[in-house]
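Structural overview
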Amino acid sequence: AGLMPAWNANQLAVIQGAGYPDYSTSHDTSKTIWQTANPLGLGGYAGSGWAGRHLAANYGPTDVPGVTISSGVAPEYRQTTTSVLAIEQLDDFGFPYDNYYLADTPAERAAKDAAFQAVYGVAAAGGQTTAKYIGNSGNATLASTTAYGTLHNTYIADRAAFDAAYEGLDRGVANDFREIAKIMYGVKNGVANVDARFFQLSKGGFDTHSNQGGAETNGQHYELHDGWSQALNTFRQDLLDMGVWNKTLVVVWSEFSRRIPQNDNGTDHGSQGPSFVIGGGVTGGVYGNHPNIQPGALDDDENTPYSQTAGAFRSTDIRDIYGTILKHWLNMPQGQILSSVLPVDGGDPNLFWTAPNLDLGFV
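Everything quoted here is computed from the prediction, not taken from an experiment.

Cut-offs applied
Residues numbered from 1 in each chain as written. Predicted model: local features only at pLDDT ≥ 70, side-chain atom pairs only at ≥ 80, totals over all residues. Heavy atoms only, no water. Helix = DSSP H or I, 4+ residues; strand = E, 2+ residues; numbered from the N terminus. Rg over C-alpha atoms; globule rule 2.2 N^0.38 Å. Buried < 20%, exposed > 50% of the residue type's maximum accessible area, 1.4 Å probe, protein only. Contact = heavy atoms within 4.5 Å. Areas by Shrake-Rupley, 256 points an atom, 1.4 Å probe, with all protein chains shown as cover. Lys, Arg positive; Asp, Glu negative; His and termini not counted. Charge placed at Lys NZ, Arg CZ, Asp CG, Glu CD. Axes fitted to C-alpha atoms, helices over the stretch in contact; angles between N-to-C directions. Parallel < 35°, antiparallel > 145°, perpendicular 65-115°, else oblique. Left-handed = near helix turned anticlockwise from the far one by under 90°. Nonpolar A, V, L, I, M, F, W, Y, C, P; charged D, E, K, R; others polar. Pairing = 2+ DSSP bridges. Expected span 1.5 Å × (residues − 1). Salt bridge = Lys/Arg side-chain N within 4 Å of Asp/Glu carboxyl O.

Moving on, we come to the overall build of the protein. Helix and strand counts for the protein come out as 11 helices and eight strands. Its C-alpha radius of gyration of 22 Å places the protein within 12% of the 21 Å reference for a compact globule of 363 residues. Projected onto its principal axes, the C-alpha coordinates of the protein cover approximately 75 × 50 × 35 Å. Looking at the 363 residues of the protein, the share that counts as buried comes to 46%. Of the contacts formed within the protein by residues at least 6 apart in sequence, a portion of 67% connects residues at least 24 apart. Per element, the accessible surface of the protein, about 17,100 Å² overall, is 51% carbon and sulfur. Averaging the coordinates of the 20 positive side-chain charges in the protein and doing the same for the 36 negative ones gives two points 7 Å apart.

The next subject is the packing of helix α8 (residues 172-188) against helix α9 (residues 220-242). Put simply, α8 and α9 touch, their axes get as near as 9 Å, and they point 15° apart. Put simply, α8 runs roughly parallel to α9. Helix-helix and strand crossings are classified by hand; for α8 and α9 the assignment is right-handed. Facing α8, whose interface residues are Val173, Ala174, Phe177, Ile180, Ala181, Met184, Tyr185 and Lys188, α9 presents Gly227, Trp228, Ala231, Leu232, Phe235, Asp238, Leu239 and Met242. Across the contact of α8 with α9, the residue classes break down as 13 nonpolar, one polar and two charged.

A separate point is the pairing of strand β1 (residues 12-19). Counting buried positions over the eight residues of β1 gives eight, a clear majority of the element. Of the pairings in the sheet, the one linking β1 to strand β6 (residues 273-279) comprises five bridges and is antiparallel in character. Bridge assignment links Ala13 to a residue of β6, and that residue is Val277. Across three bridges, the pairing between β1 and strand β7 (residues 285-287) is parallel. Residue pairing for β7: Ala13 is matched across the bridge by Gly285.

We now examine the environment of Gln89. Mapped onto the elements, Gln89 comes out in the loop between β3 (84-86) and α4 (106-125). The exposure class assigned to Gln89 is partly exposed, which follows from its relative accessible area of 45%. As for Gln89 and Arg178, which are separated by 89 residues in sequence, their C-alpha atoms are 9.6 Å apart.

Glancing now at the packing of helix α7 (residues 160-169) against α9. For the pair α7 and α9, the least separation of the axes is 10 Å and the interaxial angle reads 175°. In terms of orientation, α7 and α9 fall into the roughly antiparallel class. Here Phe162, Ala165, Tyr166 and Leu169 of α7 come into contact with α9, specifically with Gln230, Ala231, Thr234, Phe235, Gln237, Asp238 and Asp241. The class makeup of the residues in the contact of α7 with α9 is six nonpolar, three polar and two charged.

Here the focus is unusual backbone geometry. Even without being glycine, Asp22 reaches a positive phi, approximately 50°. In this structure, Asp22 sits in the loop between β1 and α2 (27-36). For Asp22, a relative accessible area of 69% gives the class exposed. In the Ramachandran plot, Asp170 falls in the positive-phi region, its phi being about 55° despite a non-glycine side chain. By secondary structure assignment, the location of Asp170 is in the loop between α7 and α8.

Taking 1.5 Å per residue as the helical rise, α9 with its 23 residues ought to reach 33 Å, and the 33 Å between its terminal C-alpha atoms agrees with that figure. Looking at the residues trailing α9, positive phi occurs at Gly243, about 90°.

Here the structure, examined in full by the defined rule, presents 10 salt bridges. Between Asp226 and Arg171 there is a salt bridge, and its shortest N-O distance comes to 3.8 Å. Placement of the pair is Asp226 in helix α9 and Arg171 in the loop between α7 and α8, with a sequence separation of 55 residues. For Asp359, the salt bridge is made with Lys327, and the minimal N-O distance between the two is 2.9 Å. Note that Asp359 is positioned in the segment after α11 (334-340) and Lys327 in helix α10 (residues 318-328), a separation of 32 residues in sequence.

Okay, structure coming up:
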């Protein structure tokens, strides 16, 4: 039910058969591939995320274009050019001056700010690349902690009804969406040093191998999907009220779907599966091909194999999803996308991503 308002407004795209070549059923490996968009592990893209490579191409060393609602920077955003903040709760977000002396006077805090700024300034002005990066990101972080720390109280004061709506869902993912909404409200209001445009959160708990519940309203999968979709719907209503939903695009993915045959009382890790793209500028509908789930079409792991062969069961490569968003939502030139963000495969064109399609049509 949480996704129906967006679907009815033609703002939800369901992309079927999303996957990548030589799929993995390892959590860590598959998550890394979705986060990096580098299925073949090409060395030139190692250590960075697909969104991070976009940030590195479009933002400078003193910018803070992204925020992860987490204790660490999301792998999607990793790069060494610009800054990304990791924030669990804005109410607790601040610069880590000294855990033993939290009650500094304003003068003492100002002196510490000046000391850190001086150290970072020396590093940023030097010729050593790593030191320069640390200096620039340090100064950007210091400025951000002062600015972002004000966003919580402003949101609570101005948007009490939506704050209560998130709270009423009583779910961690709803709280994370609320943190993003607080930042977006700050951006909308032009708060100085609050310039983030890219956000990430994650929701766990889907690694269910038994007692999944099917369509039962008290089943595991029903409750899991109900949780994030209700949170997303509240987020959508919040941003509609702010007037920024048409400027917002949400991408939902999981490292696994579930395979077709059952085990004793559930299902195991799958290969291809649906992904969702949701937003005020999205052309809703169903995109891509449903995988061939006939028994004779499954591989030795009882999964549907990835294929780029033209026809009714051609897979949707995750890089086509990302590339369409980069090209049509973020206006990044296709040549730049394919040369610096999304690695194109070599090899058999039926088995690998050798013919990119960055015009899927949902944005």
